Amino acid sequence: MTYENLLLTEADGIVTVTINRPKALNALNRRTMQELNHLFGTDLPGREGLKGVIVTGAGEKSFVAGADIKEFLDLDAAQGEAMARYGHETFFLIERFARPVVAAVNGFALGGGCELAMACHLRLASPNARFGQPEVNLGIIPGYGGTQRLIQYIGKGKAMELLLTADMIDAEEAHRLGLVNHVVPQDQLLARAAELIQKIAAKGPLAVAKIIELVNAFYRHDLDGFAEEVKAFGYTTGTEDFREGARAFVEKRKPEFKGK
Ligand code: DAK
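All values derive from a computational prediction rather than experimental measurement.

A.B. asks: Would you take a moment to explain the overall build of the protein for this structure?
C.D. replies: Broken down by element type, the protein carries 10 helices and 10 strands. Compactness check: the protein gives a C-alpha radius of gyration of 19 Å against a globular reference of 18 Å for 260 residues, within 12% of the reference. Seen through its principal axes, the protein has C-alpha atoms that stretch 60 × 40 × 40 Å. For the protein, the residues scored as buried account for 43% of the 260 residues in total. The long-range share in the protein, meaning contacts at least 24 apart out of those at least 6 apart in sequence, stands at 70%. Entry remark: accessible area of the protein is about 13600 Å², with carbon and sulfur atoms responsible for 57%. Positive and negative charge centroids in the protein, built from 30 and 33 side chains respectively, lie 5 Å apart.

A.B. asks: I would appreciate a short explanation of the site of the ligand in the present structure.
C.D. replies: Near the ligand, the surroundings consist of 26 residues, among which K61, A65, A67, A84 and G112 are the closest. Within the backbone of A67, an N or O atom sits 2.8 Å from an oxygen atom of the ligand. Here the ligand has 1100 Å² of accessible area as a free molecule, and 67% of this is covered by the chains. Listing elements by their share of the shell around the ligand, those giving two or more residues are α2 (77-95) and β6 (108-110). When residues of the shell around the ligand are assigned to their parent elements, the largest contribution, 3 residues, is made by α2. When its residues are assigned to classes, the shell around the ligand shows 16 nonpolar, 5 polar and 5 charged.

A.B. asks: For this particular structure, what's the right way to read the pairing of strand β1 (residues 6-11)?
C.D. replies: Moving residue by residue along a regular strand, the side chains alternate between the two faces of the sheet. Where β1 lies against strand β2 (residues 14-19), 6 bridges are found, and the strand directions are antiparallel. Residue pairing across strands places T9 opposite T16, the latter belonging to β2. Connecting β1 to the antiparallel partner β2 that follows it, the hairpin turn spans 2 residues, and D12 within it adopts a positive phi of roughly 50°.

A.B. asks: Is there a simple way to think about the environment of R176 in this case?
C.D. replies: Assignment of secondary structure puts R176 in helix α6 (residues 171-177). The exposure class assigned to R176 is exposed, which follows from its relative accessible area of 61%. A sequence separation of 22 residues divides R176 from I154, and the C-alpha atoms of the two residues are 9.4 Å apart. Among the polar contacts made by the side chain of R176, one reaches the side chain of E173 at a distance of 3.1 Å.

The rules behind the values
- Residues numbered from 1 in each chain as written.
- Predicted model: local features only at pLDDT ≥ 70, side-chain atom pairs only at ≥ 80, totals over all residues.
- Heavy atoms only, no water.
- Helix = DSSP H or I, 4+ residues; strand = E, 2+ residues; numbered from the N terminus.
- Rg over C-alpha atoms; globule rule 2.2 N^0.38 Å.
- Buried < 20%, exposed > 50% of the residue type's maximum accessible area, 1.4 Å probe, protein only.
- Contact = heavy atoms within 4.5 Å.
- Areas by Shrake-Rupley, 256 points an atom, 1.4 Å probe, with all protein chains shown as cover.
- Lys, Arg positive; Asp, Glu negative; His and termini not counted.
- Charge placed at Lys NZ, Arg CZ, Asp CG, Glu CD.
- Near = heavy atom within 4 Å.
- Polar contact = N/O pair within 3.5 Å; in protein donor to acceptor, adjacent residues only side chain to side chain.
- Nonpolar A, V, L, I, M, F, W, Y, C, P; charged D, E, K, R; others polar.
- Pairing = 2+ DSSP bridges.

Limitation: the analysis is restricted to geometry and does not speak to function.
Shown next as structure tokens:
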């Protein structure tokens, strides 16, 4: 697939994905959702040497200002449901991706933009970032997981308030509530996101993938997270990486994990 709305760069094993529709404040139109789906579902999973992915928005004003409102003026109920299903599938690909995905939130993260940031594993935000779910202003509800993931990060009471009032919160408030991991000056956002991924890349990759799976399992109704942890612990105990990690500790050296 050729990417029209995503800019992709790769350095030191990290792929940076920039949503690139600055004239529309990087709003997610259909094409951009298809590109994200293809990227996380097909292009990136088998990529050799991939340490992690950074997701950001073009320019200094906006991460993603929502789904593209201009595209859903004529939607009917069936089309809306199909779009939501596709959006969920796409954001699950990100949430369940086996390597860390870090959102570098460089401005507005509204509606679908806030939902995209929440589907990532970690969030760094610049001080000008603004988060919100303003869908009720348009007479709709969040359709890309916002009613579910916002509760996971900030709890029911505050999530209910933001979803019902459409209020925006700034980066500091988002940090205080636990929606954002760190607030970082805008010119350092991508470098700090890369540092975070490099830090995780030094750990056992199979264990990292399992942790992502298990943290997500807590929120799934079809899985018992504790039972999954028992199985995954057995699995990681049986890996060469665990033997290397334990041996390196005893020998007082850095481990060299092979992902086996
Ligand atoms: N979609 C399309 N264009 C957008 C946009 C958006 N979400 N947000 C901004 N733009 C465009 C503006 O129309 C404007 O374009 P021109 O008029 O110049 O052609 C350009 O970006 C610059 O925006 P402003 O001139 O408004 O810039 P300001 O600095 O004055 O204001 C703002 C920035 C972020 C406060 C403002 O643009 C704004 O309120 N934007 C809309 C925020 C919003 O309501 N976002 C949508 C949330 S609802 C669904 C699944 C999910 C969703 C929907 C359906 N289905 C499954 C069916 C999700 C919905 C949402 O995300």
